[in-house]
Amino acid sequence: MKIVFFGTQPYDRESFARAAAGLPFEICYHRSHLNSNNVLLAKGADVVCIFVNDTVDAPTVRGLADLGVRLIALRCAGFNNVDLVAAARAGIPVVRVPAYSPHAVAEHAVALMLSLNRKIHRAYWRTRDGNFSLHGLLGFDMYGKTAGIVGTGKIARELIRILKGFGMEILANDPHPDERYAADAGIRYVSLEELYRRSDILSLHCPLTDKTRYMIGDVAIGQMKPGVMLINTGRGQLIHTEALIDGLKEQKIGAAGLDVYEEEAGYFYEDTSDCIMDDDVLARLLSFNNVIVTSHQGFFTCEALDNISRTTLRNIVDFAEGRELVNEVQAGTENQRA
Ligand code: NAI
(Lines give C-alpha, C1' and ligand atoms only; values in the text may rest on other atoms or scores of the structure.)
Protein backbone atom coordinates (compact mmCIF):
# COMPACT_ATOMS: atom_id res chain seq x y z
CA MET A 1 0.00 0.00 0.00
CA LYS A 2 1.39 3.39 -0.99
CA ILE A 3 0.93 6.51 1.16
CA VAL A 4 1.72 9.91 -0.34
CA PHE A 5 2.26 12.67 2.23
CA PHE A 6 1.72 16.35 1.50
CA GLY A 7 2.84 19.49 3.33
CA THR A 8 5.63 17.68 5.16
CA GLN A 9 8.52 19.19 7.07
CA PRO A 10 11.69 17.35 8.16
CA TYR A 11 10.25 16.70 11.64
CA ASP A 12 7.17 15.00 10.10
CA ARG A 13 9.36 12.73 8.01
CA GLU A 14 11.52 11.78 11.01
CA SER A 15 8.55 11.08 13.22
CA PHE A 16 6.68 9.02 10.59
CA ALA A 17 9.82 7.14 9.56
CA ARG A 18 10.21 6.01 13.18
CA ALA A 19 6.54 5.07 13.59
CA ALA A 20 6.31 3.27 10.22
CA ALA A 21 9.32 1.03 10.81
CA GLY A 22 8.24 -2.55 10.11
CA LEU A 23 4.89 -1.60 8.57
CA PRO A 24 4.23 -2.74 5.00
CA PHE A 25 3.84 0.75 3.52
CA GLU A 26 5.61 2.46 0.67
CA ILE A 27 5.83 6.12 1.68
CA CYS A 28 6.48 9.17 -0.45
CA TYR A 29 6.82 12.63 1.13
CA HIS A 30 6.02 15.91 -0.64
CA ARG A 31 6.82 19.28 0.84
CA SER A 32 4.14 21.11 -1.15
CA HIS A 33 0.58 21.49 0.07
CA LEU A 34 -2.00 19.38 -1.73
CA ASN A 35 -4.51 21.30 -3.84
CA SER A 36 -6.34 20.88 -7.14
CA ASN A 37 -3.32 22.11 -9.13
CA ASN A 38 -0.86 19.50 -7.90
CA VAL A 39 -3.19 16.58 -7.26
CA LEU A 40 -1.26 14.58 -9.89
CA LEU A 41 1.49 14.18 -7.30
CA ALA A 42 -0.82 11.63 -5.67
CA LYS A 43 -0.53 9.32 -8.69
CA GLY A 44 -0.08 5.73 -7.59
CA ALA A 45 -1.20 6.45 -4.01
CA ASP A 46 -3.75 4.36 -2.15
CA VAL A 47 -3.75 6.88 0.69
CA VAL A 48 -2.98 10.60 0.85
CA CYS A 49 -1.86 11.97 4.19
CA ILE A 50 -2.43 15.70 4.72
CA PHE A 51 -2.14 18.43 7.37
CA VAL A 52 -3.89 21.70 8.27
CA ASN A 53 -2.85 23.78 5.26
CA ASP A 54 -3.56 21.28 2.48
CA THR A 55 -6.76 22.00 0.55
CA VAL A 56 -8.96 19.07 -0.35
CA ASP A 57 -11.89 20.82 -1.99
CA ALA A 58 -14.32 19.20 -4.44
CA PRO A 59 -12.02 19.45 -7.51
CA THR A 60 -9.14 17.96 -5.50
CA VAL A 61 -11.38 15.12 -4.30
CA ARG A 62 -12.37 14.43 -7.92
CA GLY A 63 -8.70 14.40 -8.91
CA LEU A 64 -7.87 11.99 -6.08
CA ALA A 65 -10.76 9.71 -7.02
CA ASP A 66 -9.66 9.68 -10.67
CA LEU A 67 -6.18 8.62 -9.54
CA GLY A 68 -7.63 5.75 -7.50
CA VAL A 69 -6.88 7.17 -4.04
CA ARG A 70 -8.94 5.23 -1.50
CA LEU A 71 -8.37 7.03 1.81
CA ILE A 72 -7.69 10.59 2.98
CA ALA A 73 -5.76 10.46 6.25
CA LEU A 74 -5.50 13.75 8.12
CA ARG A 75 -2.56 13.84 10.51
CA CYS A 76 -4.33 16.51 12.57
CA ALA A 77 -7.61 16.93 14.43
CA GLY A 78 -9.21 19.52 12.17
CA PHE A 79 -10.92 18.77 8.90
CA ASN A 80 -12.28 22.17 7.83
CA ASN A 81 -9.88 21.95 4.85
CA VAL A 82 -11.58 18.82 3.45
CA ASP A 83 -14.86 18.83 1.51
CA LEU A 84 -16.42 15.92 3.36
CA VAL A 85 -19.53 15.87 1.17
CA ALA A 86 -17.41 15.57 -1.97
CA ALA A 87 -15.28 12.87 -0.33
CA ALA A 88 -18.38 10.88 0.69
CA ARG A 89 -19.79 11.21 -2.84
CA ALA A 90 -16.50 9.91 -4.25
CA GLY A 91 -16.58 7.04 -1.75
CA ILE A 92 -13.30 8.09 -0.11
CA PRO A 93 -13.36 7.85 3.69
CA VAL A 94 -11.61 10.55 5.72
CA VAL A 95 -9.82 9.75 8.98
CA ARG A 96 -8.08 12.06 11.44
CA VAL A 97 -6.22 12.21 14.74
CA PRO A 98 -8.89 13.47 17.13
CA ALA A 99 -6.53 14.35 19.99
CA TYR A 100 -2.77 14.25 20.10
CA SER A 101 -1.88 16.32 23.13
CA PRO A 102 -4.29 18.73 24.77
CA HIS A 103 -1.42 19.50 27.18
CA ALA A 104 0.75 20.79 24.34
CA VAL A 105 -1.78 23.37 23.15
CA ALA A 106 -2.91 24.39 26.64
CA GLU A 107 0.68 24.89 27.76
CA HIS A 108 1.38 26.96 24.64
CA ALA A 109 -1.60 29.19 25.46
CA VAL A 110 -0.12 29.72 28.93
CA ALA A 111 3.29 30.49 27.39
CA LEU A 112 1.66 33.21 25.28
CA MET A 113 -0.19 34.62 28.31
CA LEU A 114 2.89 34.78 30.53
CA SER A 115 5.13 36.17 27.79
CA LEU A 116 2.65 38.92 26.95
CA ASN A 117 1.89 39.72 30.57
CA ARG A 118 5.52 39.93 31.73
CA LYS A 119 6.79 41.20 28.33
CA ILE A 120 9.36 38.42 28.05
CA HIS A 121 9.62 38.92 24.28
CA ARG A 122 10.69 42.53 24.83
CA ALA A 123 12.95 41.83 27.83
CA TYR A 124 14.80 39.17 25.84
CA TRP A 125 15.89 41.65 23.16
CA ARG A 126 16.55 44.46 25.63
CA THR A 127 19.00 42.69 27.88
CA ARG A 128 20.89 41.28 24.88
CA ASP A 129 21.38 44.87 23.78
CA GLY A 130 22.64 45.96 27.20
CA ASN A 131 19.34 47.69 28.04
CA PHE A 132 18.37 46.72 31.57
CA SER A 133 15.61 49.29 32.00
CA LEU A 134 12.17 48.11 33.16
CA HIS A 135 10.33 50.91 31.40
CA GLY A 136 7.26 49.50 29.60
CA LEU A 137 7.62 46.02 31.07
CA LEU A 138 5.03 46.32 33.85
CA GLY A 139 2.84 43.22 34.15
CA PHE A 140 0.04 42.09 36.43
CA ASP A 141 -0.44 39.26 38.93
CA MET A 142 -2.30 36.37 37.34
CA TYR A 143 -3.50 35.53 40.86
CA GLY A 144 -7.03 36.82 41.42
CA LYS A 145 -7.63 37.75 37.76
CA THR A 146 -10.47 36.38 35.66
CA ALA A 147 -9.92 34.18 32.62
CA GLY A 148 -12.74 33.71 30.10
CA ILE A 149 -12.53 30.42 28.26
CA VAL A 150 -14.58 29.86 25.10
CA GLY A 151 -15.19 26.14 24.62
CA THR A 152 -14.61 23.65 27.44
CA GLY A 153 -13.28 20.63 25.58
CA LYS A 154 -10.05 18.73 26.02
CA ILE A 155 -7.60 21.61 25.55
CA ALA A 156 -9.64 24.12 27.56
CA ARG A 157 -9.87 21.73 30.52
CA GLU A 158 -6.08 21.38 30.63
CA LEU A 159 -5.73 25.14 30.41
CA ILE A 160 -8.29 25.67 33.18
CA ARG A 161 -6.41 23.24 35.42
CA ILE A 162 -3.22 25.28 34.94
CA LEU A 163 -4.90 28.67 35.38
CA LYS A 164 -6.64 27.49 38.56
CA GLY A 165 -3.11 26.82 39.82
CA PHE A 166 -2.37 30.52 39.43
CA GLY A 167 -5.43 31.29 41.58
CA MET A 168 -7.50 32.70 38.73
CA GLU A 169 -11.28 32.84 38.58
CA ILE A 170 -12.55 30.97 35.50
CA LEU A 171 -15.62 31.87 33.47
CA ALA A 172 -16.53 29.64 30.54
CA ASN A 173 -18.93 29.49 27.66
CA ASP A 174 -19.92 26.40 25.71
CA PRO A 175 -23.16 25.51 23.87
CA HIS A 176 -22.91 22.13 25.61
CA PRO A 177 -22.14 23.10 29.22
CA ASP A 178 -20.98 20.27 31.44
CA GLU A 179 -22.26 21.34 34.85
CA ARG A 180 -20.75 18.38 36.66
CA TYR A 181 -17.32 19.27 35.28
CA ALA A 182 -17.91 22.93 36.20
CA ALA A 183 -18.72 22.00 39.80
CA ASP A 184 -15.70 19.68 40.07
CA ALA A 185 -13.32 22.18 38.46
CA GLY A 186 -14.71 25.18 40.33
CA ILE A 187 -15.60 27.19 37.23
CA ARG A 188 -18.79 28.93 36.14
CA TYR A 189 -20.57 28.83 32.76
CA VAL A 190 -21.79 32.31 31.79
CA SER A 191 -23.15 34.03 28.71
CA LEU A 192 -20.66 35.27 26.13
CA GLU A 193 -21.63 38.85 27.03
CA GLU A 194 -20.69 38.31 30.68
CA LEU A 195 -17.54 36.47 29.71
CA TYR A 196 -16.44 39.33 27.44
CA ARG A 197 -17.37 41.98 30.03
CA ARG A 198 -15.55 40.36 32.97
CA SER A 199 -12.48 38.62 31.57
CA ASP A 200 -8.97 39.99 32.01
CA ILE A 201 -7.70 37.22 29.73
CA LEU A 202 -9.84 35.65 27.03
CA SER A 203 -8.75 32.36 25.42
CA LEU A 204 -10.45 30.65 22.48
CA HIS A 205 -10.78 26.84 22.50
CA CYS A 206 -13.85 26.17 20.39
CA PRO A 207 -13.84 24.68 16.90
CA LEU A 208 -14.22 26.75 13.76
CA THR A 209 -17.78 26.32 12.53
CA ASP A 210 -20.27 28.50 10.69
CA LYS A 211 -21.39 29.71 14.13
CA THR A 212 -17.95 30.59 15.46
CA ARG A 213 -16.41 32.03 12.29
CA TYR A 214 -15.44 35.67 13.11
CA MET A 215 -17.10 35.47 16.55
CA ILE A 216 -14.48 37.96 17.73
CA GLY A 217 -15.28 41.03 15.66
CA ASP A 218 -16.21 44.67 16.33
CA VAL A 219 -19.30 43.80 18.40
CA ALA A 220 -17.56 41.28 20.68
CA ILE A 221 -14.51 43.49 21.10
CA GLY A 222 -16.82 46.41 21.97
CA GLN A 223 -18.19 44.34 24.88
CA MET A 224 -14.78 43.41 26.28
CA LYS A 225 -13.03 44.81 29.31
CA PRO A 226 -10.57 47.56 28.32
CA GLY A 227 -7.04 46.17 28.23
CA VAL A 228 -8.13 42.53 27.86
CA MET A 229 -5.55 40.01 26.71
CA LEU A 230 -6.83 37.86 23.84
CA ILE A 231 -5.30 34.43 23.18
CA ASN A 232 -6.14 32.35 20.11
CA THR A 233 -4.71 28.87 19.75
CA GLY A 234 -7.94 27.69 18.12
CA ARG A 235 -8.36 28.70 14.52
CA GLY A 236 -7.51 31.93 12.70
CA GLN A 237 -11.00 32.64 11.43
CA LEU A 238 -12.44 32.77 14.95
CA ILE A 239 -11.12 36.35 14.92
CA HIS A 240 -11.81 39.09 12.42
CA THR A 241 -8.21 40.25 12.22
CA GLU A 242 -8.93 43.78 11.04
CA ALA A 243 -11.31 44.30 13.98
CA LEU A 244 -8.56 43.01 16.27
CA ILE A 245 -6.11 45.50 14.75
CA ASP A 246 -8.60 48.34 15.37
CA GLY A 247 -9.03 47.12 18.96
CA LEU A 248 -5.26 47.11 19.45
CA LYS A 249 -4.88 50.58 17.93
CA GLU A 250 -7.62 51.93 20.22
CA GLN A 251 -5.95 50.12 23.15
CA LYS A 252 -9.19 48.34 23.92
CA ILE A 253 -7.23 45.12 23.46
CA GLY A 254 -4.21 45.19 25.77
CA ALA A 255 -2.35 42.28 24.21
CA ALA A 256 -2.90 39.46 21.75
CA GLY A 257 -1.25 36.05 21.52
CA LEU A 258 -2.04 34.36 18.24
CA ASP A 259 -0.94 30.86 17.35
CA VAL A 260 -3.27 30.87 14.35
CA TYR A 261 -4.11 33.47 11.73
CA GLU A 262 -6.93 33.49 9.22
CA GLU A 263 -4.57 33.71 6.22
CA GLU A 264 -1.84 31.56 7.71
CA ALA A 265 -1.56 29.10 4.81
CA GLY A 266 0.74 31.37 2.78
CA TYR A 267 3.25 31.89 5.59
CA PHE A 268 3.02 29.48 8.49
CA TYR A 269 5.54 26.63 8.53
CA GLU A 270 7.68 28.33 5.86
CA ASP A 271 10.83 30.43 6.14
CA THR A 272 9.90 33.58 4.23
CA SER A 273 12.61 35.72 5.81
CA ASP A 274 14.18 36.38 2.39
CA CYS A 275 10.89 37.58 0.88
CA ILE A 276 8.94 40.81 1.00
CA MET A 277 5.77 40.29 3.06
CA ASP A 278 2.76 40.88 0.83
CA ASP A 279 0.13 40.41 3.56
CA ASP A 280 -0.46 43.92 4.94
CA VAL A 281 -2.74 42.66 7.73
CA LEU A 282 -0.15 40.21 9.04
CA ALA A 283 2.54 42.87 8.69
CA ARG A 284 0.45 45.31 10.77
CA LEU A 285 -0.17 42.64 13.43
CA LEU A 286 3.55 41.96 13.65
CA SER A 287 4.24 45.66 14.16
CA PHE A 288 2.55 45.78 17.61
CA ASN A 289 4.87 45.26 20.56
CA ASN A 290 1.95 43.77 22.53
CA VAL A 291 1.21 41.06 19.97
CA ILE A 292 2.97 37.71 19.74
CA VAL A 293 2.32 35.59 16.66
CA THR A 294 3.50 31.99 16.68
CA SER A 295 3.30 29.79 13.63
CA HIS A 296 0.53 27.31 14.57
CA GLN A 297 3.01 25.59 16.87
CA GLY A 298 0.70 24.85 19.81
CA PHE A 299 0.71 21.15 18.94
CA PHE A 300 4.46 21.02 18.45
CA THR A 301 5.83 18.83 21.23
CA CYS A 302 7.66 15.50 21.01
CA GLU A 303 4.72 13.76 22.66
CA ALA A 304 2.17 15.21 20.23
CA LEU A 305 4.27 14.39 17.13
CA ASP A 306 4.61 10.85 18.39
CA ASN A 307 0.85 10.52 18.96
CA ILE A 308 0.12 12.02 15.54
CA SER A 309 2.33 9.58 13.65
CA ARG A 310 1.21 6.53 15.60
CA THR A 311 -2.52 7.33 15.38
CA THR A 312 -2.33 8.24 11.68
CA LEU A 313 -0.61 4.98 10.85
CA ARG A 314 -3.04 3.00 13.02
CA ASN A 315 -5.92 4.61 11.09
CA ILE A 316 -4.29 3.51 7.83
CA VAL A 317 -3.61 -0.03 9.09
CA ASP A 318 -7.28 -0.28 10.16
CA PHE A 319 -8.31 0.76 6.66
CA ALA A 320 -5.87 -1.66 5.00
CA GLU A 321 -7.14 -4.55 7.13
CA GLY A 322 -10.81 -3.68 6.61
CA ARG A 323 -11.42 -2.87 10.27
CA GLU A 324 -13.83 -0.24 11.57
CA LEU A 325 -12.44 3.28 11.11
CA VAL A 326 -12.79 4.61 14.65
CA ASN A 327 -11.39 8.02 13.73
CA GLU A 328 -13.46 8.53 10.60
CA VAL A 329 -15.07 11.96 10.11
CA GLN A 330 -18.23 12.34 8.14
CA ALA A 331 -20.13 15.22 6.58
CA GLY A 332 -22.32 16.87 9.20
CA THR A 333 -19.82 16.38 12.04
CA GLU A 334 -19.92 19.67 13.99
CA ASN A 335 -16.32 19.92 14.94
CA GLN A 336 -14.24 21.69 12.29
CA ARG A 337 -10.93 21.99 14.03
CA ALA A 338 -7.51 23.38 13.33
P1 NAI B 1 -12.84 19.55 21.79
O2 NAI B 1 -13.66 18.99 20.71
O3 NAI B 1 -12.37 18.65 22.88
O4 NAI B 1 -13.60 20.79 22.46
C5 NAI B 1 -14.22 21.80 21.74
C6 NAI B 1 -15.26 22.43 22.66
O7 NAI B 1 -15.78 23.59 22.01
C8 NAI B 1 -16.44 21.51 22.97
O9 NAI B 1 -16.68 21.51 24.36
C10 NAI B 1 -17.59 22.15 22.21
O11 NAI B 1 -18.85 21.94 22.84
C12 NAI B 1 -17.18 23.61 22.26
N13 NAI B 1 -17.87 24.44 21.29
C14 NAI B 1 -18.42 24.09 20.09
N15 NAI B 1 -19.02 25.16 19.53
C16 NAI B 1 -18.83 26.20 20.39
C17 NAI B 1 -19.24 27.55 20.37
N18 NAI B 1 -19.99 28.05 19.37
N19 NAI B 1 -18.91 28.34 21.41
C20 NAI B 1 -18.19 27.85 22.46
N21 NAI B 1 -17.78 26.56 22.52
C22 NAI B 1 -18.09 25.74 21.49
O23 NAI B 1 -11.60 20.26 21.08
P24 NAI B 1 -10.13 20.48 21.62
O25 NAI B 1 -9.32 19.26 21.36
O26 NAI B 1 -10.17 21.05 22.97
O27 NAI B 1 -9.60 21.60 20.59
C28 NAI B 1 -10.10 22.94 20.62
C29 NAI B 1 -9.57 23.68 19.41
O30 NAI B 1 -8.15 23.82 19.48
C31 NAI B 1 -9.79 22.95 18.11
O32 NAI B 1 -11.06 23.22 17.60
C33 NAI B 1 -8.69 23.45 17.24
O34 NAI B 1 -9.19 24.51 16.45
C35 NAI B 1 -7.65 23.94 18.15
N36 NAI B 1 -6.39 23.20 18.04
C37 NAI B 1 -5.25 23.94 17.88
C38 NAI B 1 -4.03 23.34 17.78
C39 NAI B 1 -2.79 24.17 17.64
O40 NAI B 1 -1.73 23.62 17.33
N41 NAI B 1 -2.84 25.46 17.83
C42 NAI B 1 -3.91 21.88 17.82
C43 NAI B 1 -5.17 21.19 18.06
C44 NAI B 1 -6.36 21.84 18.14
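Relevant structure appears above.
Rules of the game
- In every chain, residue numbers begin from 1 and rise along the written sequence.
- Totals for whole chains, interfaces and linings use all residues, but because this is a predicted model, local features are given only for residues with pLDDT of at least 70 and pairs of side-chain atoms are given and counted only at 80 or more.
- Only heavy atoms go into the side-chain values, all of them from the structure, while hydrogens and water stay out.
- Site definitions follow a grid-based scheme: protein atoms alone, a 1 Å grid, a 1.4 Å probe that fits but cannot get out for cavities, and for pockets an open set with protein on both sides within 12 Å along at least five of seven lines, plus lining residues having an atom within 4 Å of a point.
- Grid points are joined across faces, edges and corners, and a volume is the space filled by probe spheres set on the points.
- The term salt bridge refers to a side-chain nitrogen of Lys or Arg lying within 4 Å of a carboxyl oxygen of Asp or Glu.
- Every helix listed is a DSSP run of H or I at least four residues long, and every strand listed is a run of E at least two residues long, numbered separately from the N terminus.
- Under the scheme applied here, a residue whose accessible area is under 20% of the maximum for its type counts as buried, over 50% as exposed, and between as partly exposed, the area being computed with a 1.4 Å probe on protein chains only.
- Like-charged residues are merged into a patch within 9 Å and nonpolar side chains (Val, Leu, Ile, Met, Phe, Trp, Tyr) within 5 Å, provided each residue has over 30% relative accessible area and no salt bridge.
- Calculation of accessible area relied on Shrake-Rupley with a 1.4 Å probe; when residues are assessed, cover is drawn exclusively from the protein chains displayed.
- Within this scheme the basic residues Lys and Arg register as positive and the acidic residues Asp and Glu register as negative, but His and the chain ends are omitted.
- In plain terms, the charge of a residue is placed at NZ if it is Lys, CZ if Arg, CG if Asp and CD if Glu.
- Here, a strand pair is defined by DSSP locating no fewer than two bridges between the strands.
- Working definition: a ring pair exists when centres of Phe, Tyr or Trp rings (six-membered ring for Trp) sit within 6.5 Å. Plane angles under 30 degrees give stacked, over 60 give edge-to-face, the rest tilted.
- Two limits define a charge over a ring: the Lys NZ or Arg CZ must be within 6 Å of the ring centre, and within 35 degrees of the ring normal.
- Arc definition: directions from the helix axis to the C-beta atoms.
- Any two residues having at least one pair of non-hydrogen atoms within 4.5 Å are treated as being in contact.
- Each axis is a line fitted through C-alpha atoms, and for a helix only the stretch in contact is used; angles between axes span 0 to 180 degrees, taken between their N-to-C directions.
- Should an angle fall under 35 degrees it is taken as roughly parallel, and over 145 as roughly antiparallel, whereas 65 to 115 is taken as roughly perpendicular and any remaining angle as oblique.
- Should the near helix be turned anticlockwise from the far one by less than a right angle, the crossing is termed left-handed; should it be turned clockwise, right-handed.
- We call Asp, Glu, Lys and Arg charged. Ala, Val, Leu, Ile, Met, Phe, Trp, Tyr, Cys and Pro are nonpolar, and the rest, Gly among them, are polar.

Caption draft 1: Inspection of empty space enclosed by the protein at higher detail. Tallying each qualifying case throughout the model produces three cavities of 30 Å³ or more. The volume enclosed by the largest cavity comes to roughly 70 Å³. Every residue lining the largest cavity is listed: Gly7, Gln9, Tyr11, Asp12, His33, Phe51, Val52, Asn53, Asp54, Tyr269 and Glu270.

Caption draft 2: Representation of the pattern of salt bridges. Taken as a whole, this structure holds 12 salt bridges when the rule is applied. Salt-bridge contacts for arginine 70 lead to aspartate 46; the nearest nitrogen and oxygen are separated by 3.3 Å. Here arginine 70, found in the loop between α2 (58-66) and β4 (71-74), pairs with aspartate 46, found in the loop between β2 (26-29) and β3 (47-50); they are 24 residues apart in sequence, far enough to count as distant. Owing to a relative accessible area of 39%, arginine 70 belongs among the partly exposed residues under this scheme. On the accessibility criterion, aspartate 46 (19% relative accessible area) is buried. In this structure, the salt-bridge partner of glutamate 169 is arginine 198, at a minimum N-O distance of 3.1 Å.

Caption draft 3: Expanded view of a negative patch on the surface. A surface patch of like charges, here negative, comprises Asp218, Glu242, Asp246 and Glu250. Inspection of the secondary structure assignment puts glutamate 242 in helix α10 (residues 241-249).

Caption draft 4: View of the environment of glycine 63. The topology assignment puts glycine 63 in helix α2. Spatially, the C-alpha atoms of glycine 63 and serine 199 are 47 Å apart, while their sequence positions differ by 136 residues.

Caption draft 5: Broad picture of the sheet that holds strand β5 (residues 94-95). Judged by pairing direction, the sheet is mixed, and its six strands sit side by side in the order β2-β1-β3-β4-β5-β13 without closing on themselves. Looking at strand neighbours, the two that pair on one side only are β2 and β13 (328-329), the edges of this open sheet. Here β5 runs beside β13; their pairing, made up of two bridges, is antiparallel. Considered in β13, the bridge of valine 95 is made with glutamate 328.

Caption draft 6: Representation of the packing of aromatic side chains in the model. Under the counting rule described, the total for this entry stands at eight aromatic pairs. Consider the rings of phenylalanine 5 and phenylalanine 16, whose centres lie 4.8 Å apart with planes at 70°: the pair is edge-to-face. Of this pair, phenylalanine 5 sits in strand β1 (residues 2-5) while phenylalanine 16 is found in helix α1 (residues 10-20), placing the two residues 11 residues apart along the sequence. On the basis of relative accessible area, phenylalanine 5 is assigned to the buried category, the value being 0%. For phenylalanine 16, a relative accessible area of 1% translates into the label buried. A centroid spacing of 5.1 Å and a plane angle of 80° characterise the contact between tyrosine 124 and tryptophan 125, whose relative ring orientation is edge-to-face. Every member of this aromatic cluster is reached through a ring pair, and the members are Tyr11, Phe51, Tyr100, Tyr269, Phe299 and Phe300. Here the basic side chain of arginine 157 rests over the ring of tyrosine 181, its NZ or CZ set 3.9 Å away from the ring centre. The ring of phenylalanine 288 carries arginine 284 above its face, with NZ or CZ at 4.3 Å from the centroid.

Caption draft 7: How the structure looks around α2. Buried residues of α2: Thr60, Val61, Gly63 and Leu64, and no others. Viewed end-on, α2 has its buried residues packed into an arc of 160°, placing them on one side of the element. In this structure, α2 carries Arg62 and Asp66 as exposed residues pointing more than 90 degrees from its buried face. At its buried positions, α2 is contacted by β3, β4 and α3 (84-89). Immediately beyond the C-terminal end of α2, within one or two residues, lies glycine 68, with a positive phi of roughly 90°.

Caption draft 8: Quick look at the packing of helix α4 (residues 102-118) against helix α6 (residues 154-165). Where α4 meets α6, the axes come as close as 8 Å, and the angle between the chain directions of the two elements is 50°. With respect to α6, the axis of α4 lies oblique. Classified by chirality, the crossing of α6 by α4 is right-handed. Packed against α4, whose contacting residues are Pro102, His103, Val105, Ala106, Glu107, Ala109, Val110 and Met113, the element α6 presents Lys154, Ile155, Glu158, Leu159, Arg161, Ile162 and Leu163 at the interface. Classifying every residue of the contact of α4 with α6 gives 10 nonpolar, one polar and four charged.

Limitation: the analysis is restricted to geometry and does not speak to function.
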